[in-house]
Amino acid sequence: MENFIYYTPTKVVFGRGGADQTGELLKQAGAAKVLIHYGGQSAVKSGLIDRTKAALDKAGVAHVELGGVVPNPRLSKVREGIALCKEAGVDFILAVGGGSVIDSSKAIAYGLRDPDRDVWELYQGLRRASSCLPVAAVLTIAAAGSEMSNSCVITNEQTGEKRAYNDDISRPRFTVMDPELTMTLPDYQTQSGCADIMMHTMERYFTSAEHPMELTDTMAEALLRTVMKYAEVLHQDPKNYEARAEVMWAGSLSHNGLTGCGTDGGDWATHMLEHELGGMFDVTHGAGLAAIWSSWARYVYRDCLPRFVKYAVNVMGVAPGASDEETALKGIAAMEDFYRRIAMPTNLRELGIAPTEEQILHMARSCARAAGGSKGSARVLHEEDMAAIYRMAL
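Residues numbered from 1 in each chain as written. Predicted model: local features only at pLDDT ≥ 70, side-chain atom pairs only at ≥ 80, totals over all residues. Heavy atoms only, no water.

Q: Just to check I follow, could you spell out a nonpolar patch on the surface for this structure?
A: There is a patch of nonpolar side chains on the surface, built from Met1, Phe4 and Tyr6 and spanning about 320 Å² of accessible area. Of note, Met1 is situated in the segment before β1 (11-14). (Patch = residues over 30% accessible without salt bridge, like charges linked within 9 Å, V, L, I, M, F, W, Y side chains within 5 Å. Areas by Shrake-Rupley, 256 points an atom, 1.4 Å probe, with all protein chains shown as cover. Salt bridge = Lys/Arg side-chain N within 4 Å of Asp/Glu carboxyl O. Helix = DSSP H or I, 4+ residues; strand = E, 2+ residues; numbered from the N terminus.)

Below is the structure:
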């Protein structure tokens, strides 16, 4: 078992009607003037933004608002938010939405605490943040886990770079999680979210650590089986509250550090590979992860064979084959079958993109550079390996 630090300071308010408590929660957190940050028109049309503003008004918390966040949240919107908050004297950011909105909110919060520096420097790895304005969330999509995590991902639309920055100071002060707020999501977004949730745990599970923590493994496997079960339920019955609740809670536990305790930190190559797809082609993150995972898995499984065997048996329910290699490959194939059952892609063609060789080489070069030359725990990948995986996924 590896040494670890487990830090989860976020207060969770889970269940029906939680959004109506937002004003009091902000007041308790000491907010004086809040930016309500959200995405497209769905939060407005559903009445959630009006409910949120009413809750803040009732609690006597002043607010301004900024909508327009898109999937793969843009640096330009972050900069717009920083400018607005400076002018308005905002001291607290409330994200009303999914991972993209929360990530955009975190980036704005970083920028406001160091206003004389370009916030993009954090994502380029040029410096660390000195501090961060407090952030909270009203979650509307179970997927990214950003509502309890230390991470955020921003896309620079001018350069096509999609980059992550992780720091515990950005973990939300509180998160409101009402499963009913996710019931109007299209199935594609729901299932992309389930794929994203699973991948946050899978990235931590496929590790070369010599003695992973048995308890962590057991929790990780149970979480993955739970998400698979209820992803299929929601594919047929999108209004099922219990299924929505199970998936929503799994999303937070999958990315708040719990499923990585005692490991070497995990692999994360699939995420890095997908970030390049998102930056170049603006694909939905969870779907992009599903499209690249099995090619990554087939490329690396021999270097991490015991973990792939364990995953096949304990998560995918595969009967052991004549050899460990056969069992591992059956597990990868079973994962692809699951993706197909929930209408997720298993390759780039099914994702709807067909990168050219020039684009593949560009993505591999950019991925390796962003990773500092190499990435991975199951197997350490270099630029040429990354290009090979993209080709396998065509």
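Q: Where do I start with the side chain of Thr140 in this structure?
A: Relative to the helices and strands, Thr140 resides in the loop between β5 (135-139) and β6 (151-156). For Thr140, a relative accessible area of 14% gives the class buried. A polar contact is formed between the side chain of Thr140 and the backbone nitrogen of Gly98, at a distance of 3.5 Å. Setting aside chain neighbours within four positions, we find Thr140 in contact with Leu48, Gly97, Gly98, Leu181, Thr182 and Leu185. (Buried < 20%, exposed > 50% of the residue type's maximum accessible area, 1.4 Å probe, protein only. Polar contact = N/O pair within 3.5 Å; in protein donor to acceptor, adjacent residues only side chain to side chain. Contact = heavy atoms within 4.5 Å.)

Q: Just to check I follow, could you spell out the pattern of salt bridges for this structure?
A: A side chain of one charge can pair with a side chain of the opposite charge when the charged atoms of the two come close. The tally for this structure, following the rule as stated, stands at 25 salt bridges. Here Glu161 makes a salt bridge to Arg163, at a shortest N to O gap of 3.8 Å. Exposure remark for Arg163: the relative accessible area of 9% places this residue in the buried category. Residues Asp217 and Arg307 are paired through a salt bridge, measuring 2.8 Å at the closest nitrogen-oxygen approach. Highlighted residues: Asp217 in helix α8 (residues 214-236) and Arg307 in helix α12 (residues 305-314), separated in sequence by 90 residues.

Q: Could you clarify how one ought to interpret the pairing of strand β4 (residues 92-97) in this entry?
A: Of all the six residues making up β4, six are buried; the element is thus mostly covered by neighbouring parts of the structure. Here β4 shows two buried faces, one formed by Phe92, Leu94 and Val96 and the other by Ile93, Ala95 and Gly97. Of the strand pairs in this sheet, β4 and β5 are connected by five bridges, and their pairing is parallel. In the sheet register, Val96 faces β5, and the bridge partner there is Val138. (Pairing = 2+ DSSP bridges.)

Q: Would you take a moment to explain the side chain of Ser151 for this structure?
A: Along the chain, Ser151 turns up in strand β6. With a relative accessible area of 11%, Ser151 lands in the buried category. At 3.1 Å, the side chain of Ser151 forms a polar contact with the side chain of Ser149. Among the polar contacts listed, one links the side chain of Ser151 to the side chain of His255, at a separation of 3.1 Å. Excluding anything up to four places from it in sequence, Ser151 contacts Asp103, Lys106, Ser146, Tyr165, Asn166 and His255.

Q: Explanation requested: the nonpolar core in the structure shown.
A: Generally speaking, nonpolar side chains in soluble globular proteins are found buried as a group. Membership of the largest hydrophobic core comes to 76 residues, with the highest contact counts inside it found for Met202, Trp293, Trp296, Phe308, Tyr311 and Tyr339. Among the elements that line this core, the one with the most residues is helix α11 (residues 285-300), at nine residues. Residues Val78, Val90, Ala109 and Cys152 belong to the second largest nonpolar core, which totals 26 residues. (Core = buried A, V, L, I, M, F, W, Y, C linked by side-chain atoms within 4.5 Å.)

Q: Honestly, the sheet that holds strand β3 (residues 62-66) in this entry has me stumped. Any pointers?
A: Pairing between sheet strands relies on hydrogen bonds along the backbone, with the strands arranged either parallel or antiparallel. If you trace the six strands from one edge of the open sheet to the other, you get β1-β8-β5-β4-β2-β3, paired in parallel fashion. With partners counted over all chains shown, the strands left at the sheet margins are β1 and β3, one partner each. Within this sheet the neighbouring strands show an average axis-to-axis angle of 20°, counted without direction. Bridge analysis of strand β2 (residues 33-38) against β3 gives five bridges, and the strand direction is parallel. Residue pairing in the sheet places Ile36 in a bridge with Glu65 of β3. Helix-sheet contacts for helix α3 (residues 48-59) involve β2, β3 and β4, and the interaxial angle to β2 is about 170°. Along the sheet, helix α9 (residues 241-255) contacts β1, β5 and β8 (174-177); its crossing angle with β1, the most-contacted strand, is approximately 175°. (Axes fitted to C-alpha atoms, helices over the stretch in contact; angles between N-to-C directions.)

Keep in mind that these numbers describe shape and distance, not what the molecule does.
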